[in-house]
Each structure stands twice: as C-alpha cells, then as structure tokens.
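Residue-level structural notes
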Amino acid sequence: MTILYLLFGTLIAIIGAIPLGAVNILVINTSIKENIQTASYIALAAGIGEVILAFFALHCSTQLSNFFQENKWIQITFIAIFFLIGLYFMLIANKTFKAKKSFKIKLTNSKFFTGFSLALLNPPVMIYWILAISLIHKHIFNLTIQNSILSLFLFFLGVYLGKIGTLYFYGKWGFKMANKQGDSKTKLHKITGIALIFLSVFQSIKFVIQ
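Nothing here was measured: the structure is a model prediction, and the numbers come from that model.

How each quantity is defined
Residues numbered from 1 in each chain as written. Predicted model: local features only at pLDDT ≥ 70, side-chain atom pairs only at ≥ 80, totals over all residues. Heavy atoms only, no water. Phe/Tyr/Trp six-rings, centres within 6.5 Å; stacked < 30°, edge-to-face > 60°. Helix = DSSP H or I, 4+ residues; strand = E, 2+ residues; numbered from the N terminus. Buried < 20%, exposed > 50% of the residue type's maximum accessible area, 1.4 Å probe, protein only. Core = buried A, V, L, I, M, F, W, Y, C linked by side-chain atoms within 4.5 Å. Contact = heavy atoms within 4.5 Å. Patch = residues over 30% accessible without salt bridge, like charges linked within 9 Å, V, L, I, M, F, W, Y side chains within 5 Å. Areas by Shrake-Rupley, 256 points an atom, 1.4 Å probe, with all protein chains shown as cover. Salt bridge = Lys/Arg side-chain N within 4 Å of Asp/Glu carboxyl O. Axes fitted to C-alpha atoms, helices over the stretch in contact; angles between N-to-C directions. Parallel < 35°, antiparallel > 145°, perpendicular 65-115°, else oblique. Left-handed = near helix turned anticlockwise from the far one by under 90°. Nonpolar A, V, L, I, M, F, W, Y, C, P; charged D, E, K, R; others polar. Expected span 1.5 Å × (residues − 1).

**Structural notes on the packing of aromatic side chains**
Summed over all chains, the structure comprises eight aromatic pairs. With a centroid separation of 4.5 Å and 55 degrees between ring planes, the pair formed by tyrosine 5 and phenylalanine 141 is classed as tilted. Of the two residues, tyrosine 5 is situated in helix H1 (residues 3-17) and phenylalanine 141 in the loop between helix H8 (123-139) and helix H9 (149-181); the sequence distance between them amounts to 136 residues. Note on phenylalanine 141: relative accessible area 5%, which makes it buried. For the pair tyrosine 128 and tryptophan 129, a centre-to-centre distance of 5.8 Å together with 70 degrees between the ring planes defines the contact as edge-to-face. Tryptophan 129 gets classed as buried once you look at its relative accessible area, which sits at 0%. Taken together, the ring pairs connect Phe55, Phe56, Tyr128, Trp129, Phe155 and Phe156 into an aromatic cluster.

**Here we look at the nonpolar core**
Trp129, Ile133, Leu143 and Phe155 are the most contacted members of the largest nonpolar core, which totals 22 residues. For this core, the secondary structure elements donating two or more residues are H1, helix H3 (36-59), H8 and H9. Looking at which element gives the most residues to this core, the answer is H8, with seven residues. Beyond its immediate stretch of four places on either side in the chain, isoleucine 133 contacts Ala54, Ala57, Leu58, Leu143 and Phe155. Grouped together as the second largest cluster of nonpolar side chains are nine residues, Leu26, Val27, Ala39 and Leu167 included.

**Side note on a nonpolar patch on the surface**
A contiguous nonpolar surface patch, about 340 Å² in accessible area, is contributed by Tyr41, Leu44, Ile48 and Phe112. Top contributing element to the nonpolar patch by residue count: H3, with three residues.

**Quick word on the packing of H3 against H8**
H8 packs onto H3 with a crossing angle of 50 degrees between their chain directions and a minimal axis gap of 9 Å. Considering their axes alone, H3 and H8 lie oblique with respect to each other. Considering how the two elements wind past one another, H3 and H8 form a crossing that is right-handed. Residues Glu50, Leu53, Ala54, Phe56, Ala57 and Leu58 of H3 form the contact with H8, whose own contacting residues are Val125, Met126, Trp129, Ile130 and Ile133. Partitioned by chemical class, the residues of the contact of H3 with H8 number 10 nonpolar, no polar and one charged.

**Notes on helix H2 (residues 22-33)**
With 12 residues, H2 should reach 16 Å at 1.5 Å per residue; the first-to-last C-alpha distance of 16 Å fits that figure. Of the residues making up H2, those classed as buried are Ala22, Val23, Asn24, Ile25, Leu26, Val27, Ile28, Asn29, Thr30, Ser31, Ile32 and Lys33.

This is the structure:
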C-alpha cells in the first residue's frame, strides 16, 4: 500500500510539470544556450521548491485555498510578471550582444537559486497541489499531515522525482533543438517570449473563469 504514495506523488508531479511554465522554459533555454548539465542545476533546485509547495499544500490546504481566493492580487502579479518577461525576450533581448552577455553571466551564477525561486513562488502550482491532494484524500487514499513518516517520505520523494524527471526531459529536448538549429538565438528568444506570453494569457483566462 505504501508504494502507492510514491507512485501517486510521482504521477501528480509529472502531470503538474508537463504544462509549459517558467521553470520549463528556463530549463529549455539553458539547455540550448549552455548545456544539459547546467540545466540540471535548475531542475534539482526546482524539485526542492516543488516539494516545499506540496508540503505546505498538504499541511494547510484549506487555509491556503481561502488565502488565494481572498488575495487574487498574487495571481495577477505573477501573470503580469510572466507577460513582461515574455515581452522582454521578444522585443529587447536581441538588441545588443554586450547586454545579453552581461545578463547571461549573472543568470549563470544563480542557476540553482533561480530554479528554486521560480518553482517556489508560483501560486498556480500551489493551487494545483491543493486540489490534487484534496482529490487524492477524498477519492483514493488517506493523505494528511498525520500519515506515517514512511508514507509521507515516499510521497514527497515521488514529487521530487516526478518534477526533476519531467524537467530533465525538457532539458534533453532543448539540447536536441540546439543541435538542430545551431546558434539561432534570435529564434530561441522569440520562442521563449511567445511561450511566456501564452502562459500569462492562459493563466489570465483561468483566473477570470475561476
């Protein structure tokens, strides 16, 4: 029975990580511009952030659900941030090589922190975990903070493995794109910008129809 905690933790994390989000885009971008090893630092850090979100969702799912419902400005803020970053990649990132190089150095020096921050500071993912944990507890098996240490350990281990596994897949895909497209950084910036703008629009639609 305890193996179900590992399997469902992994499955839920994979489902939550598949949609193209800020961390996924950063992993793809890093794999193309640098290498898969550097992108793996982002994935490892993002996995830690995902586990923390899942833990908080498990610990206080009711309170967090009410908090996000009452403070919708948090979601609006992150939607605006994604949209502005997307515009930056589309309109500004290709202006000068010197500025781009300087930005790249700063970003490289903080890959782990960047991956952790993007994964942790993500209200839509928190809401996803609240809903997922609630559904599992209601329809599949008991899942609360009062579960045994072993079952909780297996569940969060599954969350971590599912998150970094999915991001690693995105990283490999980005690496293959780099080999096929060569040094097409202009096209890469446009793809990244469009993806981020699409993400912000998608989250805006979800926010309106909630």
